[in-house]
Amino acid sequence: DREGDSWSLLAGLHAEGLRYVIRCSARTRWVRDTTGAPGAVQDCLLRGRRGTSTVGAQVPDEPAETSKKKPGSNLQRTRRHAQLGVRWTTVEVSKPANADAGGPDIAPFATQVVEVYEVDPPSERKATSWILYTSEPIEDEGDAWDAVDR
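A. Fine view of the environment of His14. Here His14 lies in helix α1 (residues 7–16). In this structure, the C-alpha to C-alpha distance between His14 and Ile106, residues 92 residues apart in sequence, is 9.4 Å. Look past the residues within four positions of His14 in its chain and what remains in contact with it is Tyr20, Ile106 and Phe109.

B. Quick look at unusual backbone geometry. Backbone geometry at Asp120 places phi at a positive 50°, although glycine is not the residue there. Note on placement: Asp120 falls in the loop between β7 (109–118) and β8 (129–134).

C. Molecular detail of the nonpolar core. Judged by nonpolar contacts, the single largest core of 16 residues is most densely connected at Leu10, Tyr20, Val93 and Tyr133. Elements that contribute at least two residues to this core include exactly α1, β1 (21–24), α2 (41–46), β6 (79–93), β7 and β8. Among the elements that make up this core, the one with the highest residue count is α1 (four residues). In this structure, Ala82, Leu84, Ala144 and Val148 belong to the second largest nonpolar core, which totals 12 residues.

D. Representation of the packing of aromatic side chains within the structure. Applying the stated criterion across every chain, the model contains zero aromatic pairs. A cation sits over an aromatic face here: Arg87 above Tyr117, 4.6 Å from the ring centre.

E. Just helix α3 (residues 141–149), in detail. Where α3 is concerned, the buried positions are Glu141, Ala144, Trp145, Ala147 and Val148. Considered in projection along α3, the buried side chains sweep an arc of 155° and stay on one side of the axis.

F. Just the side chain of Thr89, in detail. Inspection of the secondary structure puts Thr89 in strand β6. Those residues in contact with Thr89 that sit more than four places away from it in its chain are Cys44, Leu45, Gly48, Thr111, Gln112 and Val113.

G. Here's a closer look at the pattern of salt bridges. Here the structure, examined in full by the defined rule, presents four salt bridges. With a closest N to O distance of 2.6 Å, Arg80 and Glu118 form a salt bridge. One end of the pair, Arg80, is in strand β6; the other, Glu118, is in strand β7, and 38 residues separate them in sequence. The residue Arg87 makes a salt bridge to Glu115 at a minimum N-O spacing of 2.5 Å.

Thresholds applied
- Residue positions are counted from 1 within each chain, in the order its sequence is given.
- Residues qualify for local features only when their pLDDT is at least 70, as the model is predicted, and side-chain atom pairs are given and counted only at 80 or more; totals for whole chains, interfaces and linings, by contrast, use all residues.
- Only hydrogens and water are removed before side-chain values are computed, so all heavy atoms of the structure are retained for them.
- Each helix is a run of DSSP H or I of at least 4 residues and each strand a run of E of at least 2, with the numbering of both proceeding from the N terminus.
- We call two residues contacting when some pair of their heavy atoms lies within 4.5 Å.
- The term nonpolar core refers to a set of buried residues drawn from Ala, Val, Leu, Ile, Met, Phe, Trp, Tyr and Cys, joined through side-chain atoms within 4.5 Å.
- Burial here depends on accessible area, computed with a 1.4 Å probe over protein chains only, as a share of the maximum for the residue type. Under 20% is buried, over 50% is exposed, and the range in between is partly exposed.
- Only the six-membered ring of Trp is used, alongside the rings of Phe and Tyr, when aromatic pairs are assigned; centres must lie within 6.5 Å, and planes under 30 degrees apart are stacked while those over 60 apart are edge-to-face, with the rest tilted.
- Both a distance and an angle decide whether a charge sits over a ring: NZ of Lys or CZ of Arg must be within 6 Å of the ring centre and within 35 degrees of the ring normal.
- By arc we mean the arc of the directions from the helix axis to the C-beta atoms, nothing more.
- When a carboxyl oxygen of Asp or Glu is within 4 Å of a side-chain nitrogen of Lys or Arg, the pair counts as a salt bridge.

What is shown is where atoms sit, not what they do.
This is the structure in structure tokens:
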């Protein structure tokens, strides 16, 4: 799941010209937005474009304050209805200073980042949010939702 946001995997997919949609961490710090401002993926998304429509979906129902989960506890998660929004931006991906020396050695490249987030989550519940890297072109809100559906 989140192991997909390693620089070497993303760079390798890009170098091979392969299409991808990969879930990533909001804290990934080896990107820059189109203005050249470095930061975590989440920072770049906040400066990006936001859709105007929402969609209803069933999401995991987790309390805002979660204790340590026991192994296998995800198997019996309850679900709730939520309204989801989307935002997107283009980022430049550069090889991080601490990257594996054996990984691909390629020039920085652009990729799309899409975030799905819960609109107005209940205060007693953990807000749903996930972030994706994708090679798919994202020109508008419809393209962003299409990438999420892949």
